[in-house]
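Report on the structure
The primary structure of each chain is shown beneath.
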Amino acid sequence: MCGIVGYTGKDSALTPVIEGLRRLEYRGYDSAGIAIPAEIGKPLFIEKRSGKLKNLEDALGKTPKSNSGIGHTRWATHGGPTDTNAHPHLDNEGKLALIHNGIIENYEQLRYELEKKGHKFKSETDTESVVHLLSDARKENNGDLAAAMRQVCKQLKGSFTLLAIHADDPTHIVGARRNSPLVVGIGDGENFLASDVAAFISHTKKALELGQDQVVDITPTSIEVTDLSGQKVTGKEFEISWDATAAERGGFSHFMLKEIYEQPKAIADTLIGRLSGLDLKIKFKKFNKIVIIACGTAYNAGLVGKYAIEKWGNIPVDVELASEYRYREPSLDKKTLVIPISQSGETMDTLMALRYAKSKNATILSVCNTNGSTIARESDAVLYTHAGPEIAVASTKAFATQLIAMYLIGLEVSRKLGTLTKNEIKQISEELNQLPAKVEQILETVEPLRQTTRKFKSAESVLFLGRHVGYPTALEGALKLKELAYMHAEGFAGGELKHGPIALIDQGTPVVAIMPTSGSLLAEKMASNIQEVKARGAIVIVISESDFAGADHFIRIPKVNQLMQPVLSVVPLQVIAYEMAVARGNDVDQPRNLAKSVTVE
Ligand code: AGP
């Protein structure tokens, strides 16, 4: 939800700022803009354009040479995606520029008071109130922008990452954060501020985490972090474990395709060193239930987790949509283990549900892909997935690794509660270890599926059917198709079909059916469900580990433990969504209306 980048150093700022924006564009692409100091004391140079970063780049004519600057890529909340609403926003003198990620909840009241004082507003955004407020506060603090930022943050309600630069003091960039991400990139004679380390990864691998309600003031050679009372704070430094090439497309036509193909490695990396036990410092014996909270794809991974953790650990598991959870005041206490799952570690709905659970004394074990993210930092323990950077908005390899995290937690619970024998644990571990090779096998044979998919590009709606863990997999397949192909798609539990959804089936409706492990009772039931839709005119694409006579199109996946089947069966579903988006001419990596990291509720 909005990408933010700031640079101050020895080089011309334009290059690292635009490069940073390119790497952060996955966070929002409604507009992009930059602010660069032209001459000390003179109005800042500003360029901003609605639409993708490319529009901004095309509009950039001659830019002033400057060693500092800030840039923003927007996912619109308040005010449509226009040039005027694009960030940066300026004070009335045009000397102070501000960019923002998040929502300022009390912006209307602030705007009313500022307009009464004579401030002129140009946009419909919540952000513009903050730049005017900051401008006054800077004057009150004798030009000290960091002190002004601290003063302003105390007046703001909501969530924000803010970055500001002033023409009178152009080497300084001041940032602040509350509930939205901001990291410092520590360079040599240059420093960076950004929403995500990807923005500066080609310049430095040294980064600094910022805590809640902290303000940071960077120059090319200094980094000063304070809390809102002005007390100095020592931030936590960390080394970024991946390199710039991980955030590049590397010969693939889209990040999503690259990320689909990275799944075997991501799974292997997430498993490595963990099959003999997890170092979590959590007393599993004290819990009488587990609650998984997550959104979107991560929620679907949680649904699969429920099957595995309940089966292996013999403990009740609820899976909750994070955005709904706290509002119904659920019953939980210190005997509850809450597992938030989040690729970004910044999803606001998940973070708020986590905080609610904490306030009820639950223990929090998060599953995150992003080191040092807010959800990770606010948890009692973290199981990091090792998917590497996931740039495409549609989640693929992060989902695969979240599934692996679920199995690892299921195994750990069973180990700690003694619910599985050593032999059973050994057997499951071996099966997990075989997953990377099995996913690889599917990837080697998906080409015909790409051809098949194109045949359905004009379908009105596509249905996905599954039973057992195939049901959350069907939900994931439908979610992928909706977000990428902009088609109506729904996932159903096979048995539920006859209770209403079968009315959707018409001549030629494509139905993707995920067959449970062959020979099982579930497989027989699913076979009947397939016949039911075929009898009503559906064209059925069957994903199965063994031949299926009634299939119009057939996709074979390797044999696997039923609980682990989603790791394999989701791969063709990802390919279908990808191919359909390409066939329909959609933007695969940046689908309309979406953002990778959803940092507003
Ligand atoms: C999936 O393709 C989506 N991009 C979305 O559902 C995503 O999984 C969800 O917003 C949760 O994000 P998180 O894992 O970063 O918390």
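Quick caveat: nothing in here was measured; it's all calculated off a predicted structure.

Considerations on the overall build of the protein chain
A tally of regular secondary structure across the protein chain gives 18 helices and 24 strands. Its C-alpha atoms give the protein chain a radius of gyration of 25 Å, within 12% of the compact-globule value 25 Å for 601 residues. Seen through its principal axes, the protein chain has C-alpha atoms that stretch 75 × 55 × 45 Å. In the protein chain, which comprises 601 residues, the share counted as buried stands at 63%. Within the protein chain, counting contacts between residues at least 6 apart in sequence, those at least 24 apart form 71% of the total. Accessible surface computed for the protein chain: about 22,700 Å², of which carbon and sulfur atoms make up 48%. Treating the 70 positive side-chain charges of the protein chain as one cloud and the 72 negative ones as another, the clouds have centres 3 Å apart.

What about the packing of aromatic side chains?
Tallied over the full model, the rule gives 6 aromatic pairs. Taken together, a centroid distance of 6.4 Å and an interplanar angle of 80° make the contact between Phe-284 and Phe-287 edge-to-face. Here Phe-284 matches Phe-287 in class, with each residue buried. Joined through ring pairs, the aromatic side chains of Tyr-7, Phe-192 and Phe-200 make up one cluster. When the ring centre of Tyr-29 is taken as reference, the NZ or CZ atom of Lys-52 above it lies at 5.1 Å. Between Arg-592 and the ring centre of Tyr-486, over which it is positioned, the NZ or CZ distance is 4.0 Å.

A closer look at the pattern of salt bridges
Going through the model one piece at a time under the given rule, you end up with 34 salt bridges. Among the salt bridges present, the one from Asp-587 reaches Lys-52, with a minimum N-O distance of 2.1 Å. With Asp-587 in the segment after α18 (565-583) and Lys-52 in the loop between β3 (45-50) and α2 (53-59), this pair connects stretches of sequence that are 535 residues apart. Across the salt bridge formed by Lys-306 and Glu-310, the nearest N and O atoms sit 3.2 Å from each other. Note that Lys-306 and Glu-310 are positioned in helix α8 (residues 296-313) at a spacing of 4 residues, about one turn of the helix. What makes Glu-310 partly exposed here is its relative accessible area of 28%. Each member of the salt-bridge network shares a partner with another, and the members are Glu-447, Arg-450, Arg-454 and Glu-579.

A closer look at the sheet that holds strand β15 (residues 289-294)
Pairing between the strands of a sheet comes from backbone hydrogen bonds, and it takes one of two forms, parallel or antiparallel. Pairing in this open sheet of 5 strands is parallel, and the strands run β16-β15-β17-β18-β19 from one edge to the other. Both edges of this open sheet fall to β16 (317-321) and β19 (381-384), since each of them pairs with a single strand only. When the angles between neighbouring strand axes are averaged without regard to direction, this sheet yields 20°. Examined bridge by bridge, strand β17 (residues 336-342) and strand β18 (residues 363-368) share 4 bridges and lie parallel to one another. Following the sheet pairing, Leu-337 is matched in β18 by Thr-363.

So, the environment of Gly-118
Note on placement: Gly-118 falls in the loop between α3 (107-116) and α4 (127-140). Counting along the chain gives 218 residues from Gly-118 to Thr-336, while the straight-line C-alpha distance between them is 53 Å.

With respect to the site of the ligand
Lining the immediate surroundings of the ligand are 14 residues, of which Ser-342, Gln-343, Ser-344, Thr-347 and Glu-483 lie closest. Glu-483 has a polar side-chain atom sitting 2.4 Å from an oxygen atom of the ligand. Surface burial for the ligand is 91%, taken as the share of its 410 Å² of free accessible area covered by protein chains. When residues of the shell around the ligand are traced back to their parent elements, those giving at least two are α8 and α16 (470-485). Here the shell around the ligand is composed, by residue class, of 5 nonpolar, 7 polar and 2 charged. Both of domain 2 (249-433) and domain 3 (443-595) provide at least three residues apiece to the shell around the ligand.

Some points on the domain arrangement of the protein chain
We note that the domain assignment places domain 1 (3-245), domain 2 (249-433) and domain 3 (443-595) within the protein chain. Between the C-alpha centres of domain 1 and domain 3 the distance comes to 43 Å. Opposite the 7 residues of domain 1 that make contact, domain 3 presents 6 residues. A buried area of about 530 Å², summed over both sides, lies between domain 1 and domain 3, and 40% of it is on carbon and sulfur atoms. Counting across the interface, domain 1 meets domain 3 through 1 salt bridge. Counting the contacts that link domain 1 with domain 3 gives 8 residue pairs in polar contact (both at pLDDT 80 or more).

What about the sheet that holds strand β1 (residues 3-8)?
Spatial ordering of the open sheet is given by β3-β2-β4-β1-β10-β9-β11-β14, a layout of 8 strands whose pairing is antiparallel. Among the strands making up the open sheet, the edge pair consists of β3 and β14 (236-239). The sheet shows a mean angle of 15° between the axes of neighbouring strands, direction not considered. Both β1 and strand β4 (residues 68-74) contribute to a ladder of 6 bridges, which runs antiparallel. Bridged to Thr-8 within β4 is Ser-68. The sheet strands contacting helix α1 (residues 14-24) are β1, β2 (31-36), β4 and β10 (191-194), and the helix crosses β1 at an angle near 160°.

Describing the pairing of strand β8 (residues 173-178)
The element β8 is largely enclosed, with a buried count of 6 among its 6 residues. Taking every second residue as pointing to the same face, both faces of β8 are buried, with Ile-173, Gly-175 and Arg-177 on one and Val-174, Ala-176 and Arg-178 on the other. Note: strand β7 (residues 158-166) against β8, 4 bridges, orientation antiparallel. When the sheet's bridge partners are listed, Leu-163 is paired in β8 with Gly-175. Hairpin connection from β7 to β8: 6 residues lie between these consecutive antiparallel strands.

Calculation notes
Residues numbered from 1 in each chain as written. Predicted model: local features only at pLDDT ≥ 70, side-chain atom pairs only at ≥ 80, totals over all residues. Heavy atoms only, no water. Helix = DSSP H or I, 4+ residues; strand = E, 2+ residues; numbered from the N terminus. Rg over C-alpha atoms; globule rule 2.2 N^0.38 Å. Buried < 20%, exposed > 50% of the residue type's maximum accessible area, 1.4 Å probe, protein only. Contact = heavy atoms within 4.5 Å. Areas by Shrake-Rupley, 256 points an atom, 1.4 Å probe, with all protein chains shown as cover. Lys, Arg positive; Asp, Glu negative; His and termini not counted. Charge placed at Lys NZ, Arg CZ, Asp CG, Glu CD. Phe/Tyr/Trp six-rings, centres within 6.5 Å; stacked < 30°, edge-to-face > 60°. Lys NZ or Arg CZ within 6 Å of the ring centre and 35° of its normal. Salt bridge = Lys/Arg side-chain N within 4 Å of Asp/Glu carboxyl O. Pairing = 2+ DSSP bridges. Axes fitted to C-alpha atoms, helices over the stretch in contact; angles between N-to-C directions. Near = heavy atom within 4 Å. Polar contact = N/O pair within 3.5 Å; in protein donor to acceptor, adjacent residues only side chain to side chain. Nonpolar A, V, L, I, M, F, W, Y, C, P; charged D, E, K, R; others polar. Domains from an automatic or database assignment. Buried area = accessible area lost by both parts, 1.4 Å probe.

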